[in-house]
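Residue strings, one per chain:
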Amino acid sequence: MAPCQGVVEALAKIESSTAEKAGLYESLLNNISEVSSPATASDDLKAIAERSLNDALGVVATRAVLNTFVATLQALDDDDIRIDVGTRTISLLSSAQPSAFLDATATLCELVATAHENREDFAEAAKVLGEIPLDSSQRKVTDEERAKVWIRIVRNYLEVDDATAADTYINKLKNMMHTVADQDLTLHFRLSQARIQDAKRDFLSASQRYHEISFSPAAIADEERLHTLSMAIKCAVLGPAGPLRSRALGRLYRDERSRQLPDEFGMLEKMFLDRLLSPAEVDKFAEGLQPHQLAKTSDGSTVLAKAVVEHNLLGVSRLYSNIRFDALGSLLGLDADRAEETTARMIEQGRLGGRMDQLAGIVWFDGGQGGGPAGVVFGKEMRRWDANVESLAEDVEHVTNSLQREFPDFVAANLTV
């Protein structure tokens, strides 16, 4: 659609005028509602932007026109127009004298990004914010201003589960957050770190960060602290079973606030106490998880299902000294081969103490959790057997020594070495 006739005529008068054109452009923008219509507002503003930037007004005059132009665009309060006009104007500024109009470019980028966010188009918002000039020598930007933009980009990428792109900006922020005094920015940075670790399935690290954030009374409300505590519990539950997760569960279980979260606390308590989990309990807990926390792993199971299987395997190791793989599979809801594979992996990684007899199809447990690789951890029954044999040998030697002292002739005649 072309600009309306009123704007076309106004631009023609400005072009032929011998007066100061910057003032005429500003006057047109201030009275745009009188010569434009809602249907043509977008094309009218783009026409004014193109003509004013191509009119060689000079840097100072152009900056004044741009300030009025941005104020006019903000006053329209129409996200579609802001995106259309703002995107076109940013493109024009990059073609004109980009180093001369960095402030206007930054303001327009933020305006367009806000419009994208209002429409929940977070990926586009992040891309536009990435175009804000932050490293130019022509524009002074403080570390706090730079952090504010980058954290906003990170949060937008996380809204679309693009943890890789978000991590790029988090890595930039790591080198400068120590210079930022704003507590809100620091909190959002720490929260973004936790969300990225959560999205990357580094659940135990994410749980620890969420738990630390939940102790920030000065920055967030009680409800938000409980929410981050809830996220800490969910991530701990989803973490790989073993000593590290047990410590994480222990910290959360001892936190008195956890009991204020009945849905999460039930699962937390059972896992911490190594109790077996039923499918109904798992399904109820899954209702509160985010999509990426229910994603499928390489073997086709979900992250939650894998965590529950490993937990129940630890629970079984508390109840049984040894068990056949087919019976273990029945308890875990797996076939015998999958049960054997899961057990072998956990023993190998030092997350489960025990040894396997694959020929007999039996696993011997060593107290549930291990601390070393397979081949080093032995069954408690084997250690008990060795201790008994050693004790018997010591008793025999003691009796032999006593006989030798009391009846040396008898021993010499009857002892067979």
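Notes on the structure follow. Quantities reported herein were computed from a predicted structural model and do not represent experimental measurements. (Residues numbered from 1 in each chain as written. Predicted model: local features only at pLDDT ≥ 70, side-chain atom pairs only at ≥ 80, totals over all residues. Heavy atoms only, no water.)

**Quick notes on the pattern of salt bridges**
Link 1 in the chain: Scanning the model with the defined rule gives 20 salt bridges in all.
Link 2 in the chain: Asp77 is paired through a salt bridge with Arg82; the nearest N and O atoms lie 4.0 Å apart.
Link 3 in the chain: Overall, Asp77 belongs to the exposed group, its relative accessible area being 60%.
Link 4 in the chain: Taking the shortest distance from any N to any O, the salt bridge between Glu117 and Arg152 comes out at 3.0 Å. Here Glu117 is found in helix α7 (residues 102-118), whereas its partner Arg152 is found in helix α9 (residues 143-159), with 35 residues between them in sequence.
Link 5 in the chain: Judged by relative accessible area, Arg152 falls into the partly exposed class, the value being 23%.
Link 6 in the chain: Salt bridges linked by common partners bring Asp43, Lys46 and Asp84 together as one network. (Salt bridge = Lys/Arg side-chain N within 4 Å of Asp/Glu carboxyl O. Buried < 20%, exposed > 50% of the residue type's maximum accessible area, 1.4 Å probe, protein only. Helix = DSSP H or I, 4+ residues; strand = E, 2+ residues; numbered from the N terminus.)

**Considerations on helix α14 (residues 243-254)**
Link 1 in the chain: Compared with an ideal rise of 1.5 Å per residue, which puts 12 residues at 16 Å, α14 spans 16 Å between its outermost C-alpha atoms and is within 8% of the ideal.
Link 2 in the chain: Looking only at α14, the buried set comprises Arg245, Ala248, Leu249, Gly250, Leu252 and Tyr253.
Link 3 in the chain: In this structure, the buried residues of α14 make contact with α12 (203-213), α13 (222-238), α15 (262-272) and α17 (303-319). (Expected span 1.5 Å × (residues − 1). Contact = heavy atoms within 4.5 Å.)

**Let's talk about the environment of Arg355**
Link 1 in the chain: Assignment of secondary structure puts Arg355 in strand β2 (residues 354-357).
Link 2 in the chain: Note: C-alpha distance between Arg355 and Ala344 (11 residues apart in sequence) is 8.5 Å.

**Here's the deal with the sheet that holds β2**
Link 1 in the chain: In spatial order, the strands read β1-β3-β2; together these 3 strands make up an open sheet with antiparallel pairing. Bordering the open sheet on either side are β1 (322-324) and β2, each of which pairs with just one other strand. In this sheet, neighbouring strand axes are inclined to one another by 15° on average, regardless of whether the strands run parallel or antiparallel.
Link 2 in the chain: As defined by bridge partners, β1 adjoins strand β3 (residues 362-365) across 3 bridges and the pair is classed as antiparallel. Considered in β3, the bridge of Asn322 is made with Trp364.
Link 3 in the chain: Its contacts with the sheet place helix α19 (residues 336-348) against β2 and β3, and it is angled at close to 140° to β2. (Pairing = 2+ DSSP bridges. Axes fitted to C-alpha atoms, helices over the stretch in contact; angles between N-to-C directions.)

**Quick look at the layout of surface pockets**
Link 1 in the chain: What the largest pocket holds in volume is close to 510 Å³.
Link 2 in the chain: Leu191, Arg195, Tyr210, His227 and Gln290 are the residues nearest the centre of the largest pocket, which is lined by 22 residues in total.
Link 3 in the chain: With 7 residues, the top contributor of residues to the lining of the largest pocket is helix α11 (residues 183-199).
Link 4 in the chain: For the lining of the largest pocket, the residue count by class is 9 nonpolar, 6 polar and 7 charged.
Link 5 in the chain: Volume-wise, the second largest pocket comes out at about 330 Å³.
Link 6 in the chain: Forming the boundary of the second largest pocket are 17 residues, of which Glu110, Glu145, Lys148, Val149 and Arg152 lie nearest the centre.
Link 7 in the chain: Elements represented by at least two residues in the lining of the second largest pocket include exactly α7, α9 and α11. (1 Å grid on protein atoms, 1.4 Å probe; cavity = no way out; pocket = protein on both sides within 12 Å on 5 of 7 lines; lining within 4 Å. Points joined across faces, edges and corners; volume = space filled by probe spheres on them. Nonpolar A, V, L, I, M, F, W, Y, C, P; charged D, E, K, R; others polar.)

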